[in-house]
Amino acid sequence: MNEPDQRRRLLLGAAAGAGALLLGGCERVDSRVEGLLASASTLNRGVHKLLGGRRSMAQEFSVADLSPGFRGNGNVDPGDPAYRDLVAGGFAAWRLAVDGLVAQPASLSLAQLRLMPARTQITRHDCVEGWSAIGQWTGVPLARVLDLVRPLPRARFLVFHCADSFGSGESAAPYYESIDMDDAYHPQTILAYGLNGQALPVTNGAPLRLRVERQLGYKQAKYLMRIELVESYAAIRGGGGGYWEDHSGYAWYAGI
Ligand SMILES: Nc1nc2c(c(=O)[nH]1)N[C@H]1C(S)=C(S)[C@@H](COP(=O)(O)O)O[C@H]1N2
Ligand SMILES: [Mo]
């Protein structure tokens, strides 16, 4: 039996188990099953697993398919003072912190990231606001960074903390996002420092942004400052696992 078949069988088995619990009456529905059924994004994630598997690859394109330009969306020129200082210094002082549930926390400069194995991929970005663009991204596979920091067995999610925020003063809410380990180790999940053969521009998230190619635009966190490995994101900010999840009820798992 090949691997997707095995996964499918496991999942169908789990679904049958859940059904049996439901038939047994409400008092017997265990809370894990309730949580699963309550969450559309969990269902979406389950469906993704079922259809071809989470390890399937997003479509890649050729240079001929590239959009003439890659538009920016959301924050495109963050005014946050700490970020302005980094821009002014040509990002020489920028570091990516990787910490939380890891054996070996790291603080990585752009030069260090550029020395690591690189991957270039041409993919389509789909924004829920109704536009798409095809761009060529270059960066270090997130899996290689995880190899350096060695996640602890308890780590289940990666939270990406960004330099930019929406709103100002007291009500300023930083952008952030999160993904699970399946996506973190996926070969097309990269920390990109290049777009269309150039250094990643400020518009698109300089100096480093996430590309997690099987999910929608809002998961592609720009202006990365810190990756925190956690067991749960429930206690972080609004608890939804991301800025738009917290503020507009977007699905946590935005599979495409
Ligand atoms: N830090 C940060 N990341 C972000 C956003 C943002 O405003 N801030 N916007 C998101 C949304 S909704 C989209 S569609 C893409 C846009 O990426 P682009 O500016 O490169 O087009 O980034 C996502 N990541
Ligand atoms: Mo978006």
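Starting from 1, residues in each chain are numbered consecutively following that chain's sequence as written. Lettering of chains starts at A and numbering of ligands starts at 1, both following the order in which they are written. Predicted model: local features are reported for residues with pLDDT of at least 70 only, side-chain atom pairs are reported and counted for 80 or more only, and whole-chain, interface and lining totals are derived from all residues. Each side-chain value is worked out from all heavy atoms of the structure, with water and hydrogens disregarded.

Student: Just to check I follow, could you spell out the pairing of strand β1 (residues 96–100) for this structure?
Tutor: Every regular strand shows the same layout, with side chains that alternate between the two sheet faces. Direction of pairing for β1 relative to strand β2 (residues 106–108): antiparallel, over a ladder of three bridges. Paired with Leu96 across the bridge in β2 is Leu108. For two strands to be treated as a pair, DSSP must find no fewer than two bridges joining them. Strands are runs of DSSP state E lasting at least two residues, helices are runs of H or I lasting at least four, and both sets are numbered from the N terminus onward. Hairpin connection between β1 and β2: a loop of five residues separates the two successive antiparallel strands. Where β1 meets strand β10 (residues 224–230), four bridges bridge the pair, whose relative direction is parallel. Bridging from a neighbouring strand, Ala97 pairs with Arg226 of β10.

Student: How do you make sense of the sheet that holds β10 when you look at a structure like this?
Tutor: Through backbone hydrogen bonds, the strands of a sheet pair up, either in parallel or in antiparallel fashion. Spatially, the five strands line up as an open sheet ordered β2-β1-β10-β5-β6, and their pairing is mixed. Pairing within the sheet leaves two strands with one partner each, and these edge strands are β2 and β6 (173–180). Averaged over all adjacent pairs, the angle separating strand axes in this sheet is 20°, with direction ignored. The axes are straight lines fitted to the C-alpha atoms, using for helices just the contacting stretch, and the angles between their N-to-C directions are given from 0 to 180°.

Student: Help me understand the packing of aromatic side chains, please; the structure alone is not making it clear to me.
Tutor: Between the rings of Phe, Tyr and Trp (Trp by its six-membered ring), a pair exists once the centres lie within 6.5 Å; its type follows the angle of the planes, with under 30 degrees stacked, over 60 edge-to-face, and the other angles tilted. All chains considered together, the criterion is met by 15 aromatic pairs. Between Phe70 and Trp137, the aromatic rings sit 5.1 Å apart at their centres with planes inclined by 75°, giving edge-to-face as the arrangement. With Phe70 in the loop between α3 (40–50) and α4 (81–88) and Trp137 in strand β4 (residues 131–141), this pair connects stretches of sequence that are 67 residues apart. Taking the centre distance of 4.9 Å and the plane angle of 35° together, the rings of Phe166 and Tyr243 count as tilted. Of this pair, Phe166 sits in strand β5 (residues 157–166) while Tyr243 sits in helix α8 (residues 243–248), and the two are 77 residues apart along the sequence. Type-normalised accessible area, obtained with a 1.4 Å probe on protein chains alone, sets the label of each residue: buried when under 20%, exposed when over 50%, and partly exposed for intermediate values. Accessibility expressed as a relative area gives 9% for Tyr243, which makes it buried. A connected cluster of aromatic rings, assembled from ring pairs, spans Phe166, Tyr175, Tyr218, Tyr243, Trp244 and Tyr250.

Student: In this structure, what is going on with the confidence of the model for the protein chain? I would like to understand it.
Tutor: If pLDDT is low for a region, its predicted coordinates should not be looked at in detail. The pLDDT score gives, residue by residue, the confidence of the prediction method on a 0 to 100 scale. Mean pLDDT over the protein chain works out to 87, with 81% of the residues at or above the 70 mark. In what follows, a contact means two residues having at least one pair of non-hydrogen atoms within 4.5 Å. With pLDDT under 50 throughout, residues 1–38 is counted as low confidence; its partners more than four residues away or in other chains account for 25 contacts.

Student: Help me understand the site of ligand 1 in this model?
Tutor: As a matter of local geometry, ligand 1 sits amid 22 residues, with Arg71, Asn73, Asn75, Asp164 and Lys222 nearest to it. Between a nitrogen atom of ligand 1 and a side-chain N or O atom of Asp164, the distance comes to 2.7 Å. In protein, a polar contact requires one atom able to donate a hydrogen and another able to accept it; more generally it is a pair of N or O atoms within 3.5 Å, and residues adjacent in sequence count only if both atoms are side-chain atoms. With respect to ligand 1, the side chain of Arg209 contributes an N or O atom lying 2.9 Å from an oxygen atom. Per-residue and other accessible areas follow the Shrake-Rupley method at a 1.4 Å probe size, with only the shown protein chains counted as cover for residues. Out of a free accessible area of 530 Å², ligand 1 has 99% covered by protein chains. For this purpose, a residue is taken to be near a molecule or strand whenever a single non-hydrogen atom of the residue falls within 4 Å of it.

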